[in-house]
Amino acid sequence: MNRILNQIILWSLLSFLFISLIFALYCMSIGQSPRDNYNPTFKHQKMVVVVDTPTIELVRAEILRLEIKYPEIVLAQSVLETGWYKSRRCLEDHNLFGFRTKKGYLLYDTFYDSITSYKKWQVKYYRGNEDYYEFLARINYAEDTMYIPLVKQLVAQLK
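Residues numbered from 1 in each chain as written. Predicted model: local features only at pLDDT ≥ 70, side-chain atom pairs only at ≥ 80, totals over all residues. Heavy atoms only, no water.

**Q** For this particular structure, what's the right way to read the overall build of the chain?
**A** Counting its secondary structure elements, the chain contains seven helices and two strands. The helix and strand sequence of the chain, counted from the amino end, reads α-α-α-α-β-β-α-α-α. Every one of the 159 residues in the chain was classed for burial, and the buried ones make up 29%. Pairs at least 24 residues apart make up 47% of the contacts formed inside the chain by residues separated by at least 6 positions. Taken as a whole, the chain presents about 11700 Å² of accessible surface, with 59% of it coming from carbon and sulfur. (Helix = DSSP H or I, 4+ residues; strand = E, 2+ residues; numbered from the N terminus. Buried < 20%, exposed > 50% of the residue type's maximum accessible area, 1.4 Å probe, protein only. Contact = heavy atoms within 4.5 Å. Areas by Shrake-Rupley, 256 points an atom, 1.4 Å probe, with all protein chains shown as cover.)

Printed below as a string of structure tokens:
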């Protein structure tokens, strides 16, 4: 019984060595070391999962991560513009803030891109020297005259 077990172990070891030798020869024939494709930092890389359906929590977290000024107002704007993240513009176009050009509403790959776009817009246009609600009203952010009161109402509701 021991003899059979020893033979199995010996053949397994020889098979492993033979396969390793063939692999090493193959790698040498194509000019690579077996470790050329080894990524020593792989075990430290993070897996990122992108969720493509916005929620209050995800949008708030991204607004805070990007350090957007007046995050509570911006969050309320996203809720108002998208009908609580249920509008077609939100779900299909990933546009949380109703941004548009002369050609139509902007399309984004993800809702995260829409929030990044808001950050860039805010940096470009808001100078920080006036009340944010007054700023939104002054630049006619929305055509609806009830926009600012509705945003204020949502800010209070979301707290």
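**Q** Sorry, what's going on with the environment of V79 here?
**A** Within the fold, V79 resides in helix α3 (residues 71–82). Discounting residues that sit within four places of it in the chain, V79 has contacts with I56, W84, Y85, L154 and L158.

**Q** Explain unusual backbone geometry here, please?
**A** Working note: non-glycine residues mostly have negative phi, and peptide bonds are mostly trans. The backbone phi angle of Y70 is positive, close to 55°, even though this residue is not glycine. Residue position: Y70 is located in the loop between α2 (56–65) and α3. Of note, W84 is a non-glycine position whose phi angle comes to about 60°, a positive value. With respect to the helices and strands, the residue W84 is situated in the loop between α3 and α4 (88–91). According to the relative accessible area criterion, W84 is partly exposed, its value standing at 36%.

**Q** I would appreciate a short explanation of the packing of aromatic side chains in the present structure.
**A** By convention here, two paired aromatic rings are described through the distance between centres and the angle between planes. What the rule picks out here adds up to 16 aromatic pairs. Pairing W121 with Y141 gives two aromatic rings, centres 5.5 Å apart and planes at 70°, and the pair type is edge-to-face. Here W121, found in helix α5 (residues 111–125), pairs with Y141, found in the loop between α6 (132–138) and α7 (147–158); they are 20 residues apart in sequence, far enough to count as distant. A relative accessible area of 16% means that Y141 is categorised as buried. Between Y126 and Y132 the ring centres are 5.0 Å apart and the planes differ by 80°, which places this aromatic pair in the edge-to-face class. Y132 sits in the buried class, given a relative accessible area of 1%. (Phe/Tyr/Trp six-rings, centres within 6.5 Å; stacked < 30°, edge-to-face > 60°.)

**Q** Before we go on, may I ask you to explain the side chain of S117 in this structure?
**A** With respect to the helices and strands, S117 occurs in helix α5. Beyond its immediate chain neighbours, meaning those up to four positions away, S117 contacts F99 and Y108.

**Q** Just checking my understanding: could you explain the nonpolar core for this structure?
**A** It is characteristic of soluble globular proteins that their nonpolar side chains tend to be buried jointly. I115, Y118, Y132 and L136 are the most contacted members of the largest nonpolar core, which has 33 residues in total. Per-element accounting of this core gives the leading share, six residues, to α7. Ignoring sequence-local partners within four residues, the contact set of Y132 consists of Y70, I73, V74, Q77, Y118, W121, Q122 and Y126. (Core = buried A, V, L, I, M, F, W, Y, C linked by side-chain atoms within 4.5 Å.)

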